[in-house]
Amino acid sequence: MVCNRPLWWWSAALAGGALAGVALPPMGSPPLLWLALVPLWGLGPVAAGLWGAMAVLVSHRWLLWLHPLDWVGVPLPLSLPLCVLLWAGCGLLAAALVGGWRWLVQRLGPERWSVALFAAALWGLVEVLLARGPLFWIGLGASALPGDRPLAAWATWLGAGGVATLQLLIGWGLWRLWLAVRGRRRQAWRVALLWLALVVAVQGLGWWRLQRAERLEPGSEPLELLVLQPAIPTRRKFEFDQQQALLRRLDAALGQAEQLGVQALLLPEGALPLGQELPQQASVQVLSGGFRQQGTQLRSALLLFPPGSQRPAAALDKHRLVPLGEWIPGGELFAWAGLSAVGGVSPGEPSRLLARPQGPVGVVICYELADGTALAAATREGAGWLLASANLDPYPLLLQQQFRALAQLRALEVNRWLVSTANTGPSLVVDGAGVVREQLAPFVPGELLVRLQVRQGLTGYGRWGELPLLLLLAGSGFSLWRESRVRQS
C-alpha cells in the first residue's frame, strides 16, 4: 500500500530521512533507524528520493567543514558555495539511488515478504558495490555501531551488506505492523510476535557470535606497536614551524619506540612529504604515510622503512581516491587538480596486502576504510592484523566518530585486530570482537602503545564474501518469478 497524500509524503520523507541520518554513527542507534525505515517502505519513489537525500545530508554534514578552501587556491568567495554544492551533490546522488530502489519496490509490491527479501538484499549488495568505487562513505551497513554490537556481529557472516539487509527487513516488519494496527486487522498481534521473534533471533545469534570471538585464544605472543598522532593542522602543514614541530615529534617517537622495544612505529597518512627521509636511523621498523613518485605519477602511499634505514624499502599505494579531494575527471588538463594540499594523485594497485618480514598486514589509507571487501581479500591472502592510516583534518569530530565505527565494523567482518593511526584522530586499537581497547584524545599530539593479537583464521564473510546475499537475492528473485507465473496462469 502506498499513501497518495502529498503532504504526508513530504513530511514522512523529511522526518524519516533526517532521523535515519541521526541514527547513523556516531549515534549508531538501530531502533531509531528502524523507525526511520517505516515510512520508506510506504513512500512513492520521489518522496523516497527525498528520504535518501535527507539521510545523506544529515549524516554527511561534516563536508561543510572543508570551508574555507583558500589554502588550496580556491578564492574565498567561492569556497562556501563550492562546499555546499559538493554536499548537495551527495544528497542528489542518494536521492536518485533511493528513489530508483523504491520505484522497483513499488512495481513489485512491497507488502509481500518475497519482495522485502529481494529489495533488502539488493540494497545491501548495492552498498557493497558502491563502497568499492569512489562515491560512498557510510550507509546502513555501519548503522549498528557503536550502539548495537550484537547486530553488527552479523558482519562476520554477511559483511556490511548483510547488516544493511537485516536493518531493512526489521524496518519492513515494523511497517507491516503499523499497517496492521492502523487497519485494525485481527492478525496485528501475529505480525507483532513475528517481528519481535526476528529481533530477538538477530540479537541472540549476534550475542552468541560475539561471545565466541571474545573467547578466542591468542595464537601468538602479543604484537607491540607505537602509534604517533602528530596533530599537525592540514591547512598549515607545509609552513616551516609546523614542519619543524612534526620532525621534533617524529624524533621523540623514534626514541620512544626504541626504548620500548616495539616491533614498529606507525605514522598517519601523509606524515612525510615526497622524498623526505626519516630524520634518524631507528632500530625499529617504521610504517608511515607519505608520497612517492611512480614514473610521472604522484601516489599517496604507506611507506615501509626497515630497521636501521632512513629510506623506504617497500610501499603500498592508495587505490581508492577521494573524488574532488585527490582526483577529478580530466584534472590533468586543469591547473586545479583537487582539494588536497598536494594536488592530484594517481591510484595504485587494488590489493590491500603489505608484505613484511614479520608477516603481512592488511592496509587501508583513509577513505579506503569504507570498503570491507578489500580487507576481506587481504585476510584471505594471509593478513594477520589490519592497519588504517588516515588524515581527517580539517573535518570535525563527527567524521572521526564515523571512522571509528567503520574501524569496528571492519574488525568484526574478518575477526582481526585493527590499529588506526591518524593525524588528529582517531588513533586507536580495535580487537576482533569490535571493542575499542585504547584510544588517544582527538586533536592533540600523543603517542599510544598498543598490544594486539595476530590471527589467521577466516570468518564466514572473509571466506565467502557476498555469496550468502547473492543467494538470498537469487532465491527471493526466483520466488517472485514463480509468483508472477502463478498470477498469470
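Residues numbered from 1 in each chain as written. Predicted model: local features only at pLDDT ≥ 70, side-chain atom pairs only at ≥ 80, totals over all residues. Heavy atoms only, no water.

### Some thoughts on the pairing of strand β11 (residues 436-439)
The condition is simple: Should DSSP find at least two bridges between two strands, the strands are taken to pair. Numbering of helices and strands runs from the N terminus; a helix is a DSSP stretch of H or I covering at least four residues, while a strand is a stretch of E covering at least two.
As paired strands, strand β10 (residues 428-430) and β11 are joined by three bridges and run antiparallel to one another. Bridged to L428 within β11 is Q439. Here β10 folds back onto β11 in antiparallel fashion, the turn holding five residues, of which G434 has a positive phi close to 80°.

### Some remarks on the pattern of salt bridges
Note that side chains of opposite charge can pair when their charged atoms are close. Basically, it comes down to this: By salt bridge we mean one thing: a side-chain nitrogen of Lys or Arg within 4 Å of a carboxyl oxygen of Asp or Glu. Exposure is judged per residue with a 1.4 Å probe applied to protein chains only, and the accessible area is read against the type maximum: over 50% gives exposed, under 20% gives buried, and values in between give partly exposed.
According to the stated counting rule, one finds 11 salt bridges in the structure shown. Note that R236 is salt-bridged to D241, the shortest N-O span being 2.9 Å. With relative accessibility at 39%, the residue D241 sits in the partly exposed group. When the shortest N-O distance is used, the salt bridge between R299 and D317 registers 3.0 Å. In this pair, R299 is assigned in strand β4 (residues 297-305) and D317 in strand β5 (residues 314-317), connecting sequence segments 18 residues apart. Among the residues examined, R299 registers a relative accessible area of 12% and is labelled buried. Connected through salt bridges with shared partners, the residues R236, E239 and D241 form a single ionic network.

### With respect to the sheet that holds strand β1 (residues 223-229)
The criterion, for reference: Axis lines are fitted to C-alpha atoms, over the contacting stretch for helices. Their N-to-C directions set the angle, which ranges from 0 to 180 degrees. Should any heavy atoms of two residues lie within 4.5 Å, those residues are considered in contact.
Spatially, β5-β4-β3-β2-β1-β12 is the arrangement adopted by the six strands of the open sheet, whose pairing is mixed. Two strands bound the open sheet, and with one partner strand each, they are β5 and β12 (446-452). In this sheet, adjacent strand axes meet at a mean angle of 35° when their direction is disregarded. With nine bridges joining them, strand β3 (residues 285-294) and β4 adopt antiparallel strand pairing. If you follow R292 over to β4, its bridge partner there is R299. Lying over the sheet, helix α9 (residues 240-260) contacts β1, β2 (264-266), β3 and β12, oriented at roughly 165° with respect to β1.

### Some remarks on empty space enclosed by the protein
Quick reminder of the rule: A pocket here means an open set of points on a 1 Å grid, computed over the protein atoms alone, that has protein on both sides within 12 Å along at least five of seven lines. A cavity is instead a set of points where a 1.4 Å probe fits but cannot get out; residues with an atom within 4 Å of a point line either one. Grid points are joined across faces, edges and corners, and a volume is the space filled by probe spheres set on the points.
Tallied over the full model, the rule gives three cavities of 30 Å³ or more. A volume near 140 Å³ is recorded for the largest cavity. Together, 20 residues line the largest cavity, and A131, F136, A160, A370 and R410 are the ones closest to its centre. Contributing elements (two or more residues each) for the lining of the largest cavity: α5 (113-131), α7 (155-182), α10 (372-380) and α11 (397-414). Looking at which element gives the most residues to the lining of the largest cavity, the answer is α11, with four residues. When its volume is computed, the second largest cavity comes out at roughly 90 Å³.

### Remarks on the side chain of H60
The criterion, for reference: Polar contact is the term for a pair of N or O atoms within 3.5 Å; when the atoms are in protein, one must be able to donate a hydrogen and the other to accept it, and sequence-neighboring residues count only if both atoms are side-chain atoms.
Structurally, the position occupied by H60 is in the loop between α3 (45-59) and α4 (76-108). Looking at H60, the relative accessible area reads 9%, which means it is buried. Of note is the side chain of H60, whose polar atom sits 2.9 Å from the side chain of S59. Aside from chain neighbours lying at most four places away, what touches H60 is W87, W137 and I138.

### A look at the sheet that holds strand β6 (residues 353-354)
Spatial ordering of the open sheet is given by β6-β7-β8-β9-β10-β11, a layout of six strands whose pairing is mixed. In the strand order of this sheet, the two ends are held by β6 and β11, each with one partner. Where strand β9 (residues 418-422) meets β10, three bridges bridge the pair, whose relative direction is antiparallel. Among the inter-strand pairings, S420 is bridged to a residue of β10, identified as L428. Of the strands in this sheet, β6, β7 (361-365) and β8 (386-390) touch α10, which is tilted by about 160° from β7.

### A look at the packing of aromatic side chains
This is how the line gets drawn: Whether two aromatic rings pair depends on their centres lying within 6.5 Å, for rings of Phe, Tyr and Trp, where Trp uses its six-membered ring; planes under 30 degrees apart make the pair stacked, over 60 edge-to-face, and the rest tilted. For a ring to carry a charge above it, either NZ of a lysine or CZ of an arginine must fall within 6 Å of the ring centroid while also lying within 35 degrees of the normal to the ring plane.
One pass over the full model with this rule turns up 10 aromatic pairs. With a centroid separation of 6.5 Å and an interplanar angle of 75°, the aromatic rings of W62 and W137 are classed as edge-to-face. Here W62, found in the loop between α3 and α4, pairs with W137, found in the loop between α5 and α6 (149-152); they are 75 residues apart in sequence, far enough to count as distant. Accessibility expressed as a relative area gives 7% for W62, which makes it buried. Centroid distance W137 to Y367: 6.0 Å. Interplanar angle 10°. Geometry classified as stacked. Taken together, the residues W137 in the loop between α5 and α6 and Y367 in the loop between β7 and α10 connect sequence positions 230 residues apart. In this structure W137 comes out as buried when scored by relative accessible area, which is 6%. An aromatic cluster of three or more residues is present, and its members are W62, W137, Y367, Y395 and F403. Over the ring of Y367 we find R320, and its NZ or CZ is 4.2 Å from the ring centre.

### Structural notes on the nonpolar core
Proteins that are soluble and globular tend to have nonpolar side chains buried together. Defined as follows: In plain words, nonpolar cores are sets of buried Ala, Val, Leu, Ile, Met, Phe, Trp, Tyr and Cys residues tied together by side-chain atoms within 4.5 Å.
Membership of the largest hydrophobic core comes to 119 residues, with the highest contact counts inside it found for W41, W51, W123, W137, L225, L387 and V419. In terms of nonpolar packing, the next biggest core, distinct from the first, is built from 18 residues, L254, A257, L272 and F305 among them.

### Some thoughts on α3
The criterion, for reference: Under the convention used throughout, the expected extent of a helix is 1.5 Å for every residue step, that is, one less than its residue count.
With 15 residues, α3 extends 21 Å from end C-alpha to end C-alpha; this agrees with the ideal 21 Å at 1.5 Å per step. Looking at α3, one finds that the buried residues are A47, A48, G49, W51, G52, A53, A55, V56, V58 and S59. Where α3 is buried, its residues contact α1 (6-23), α2 (30-42), α4, α5 and α11.

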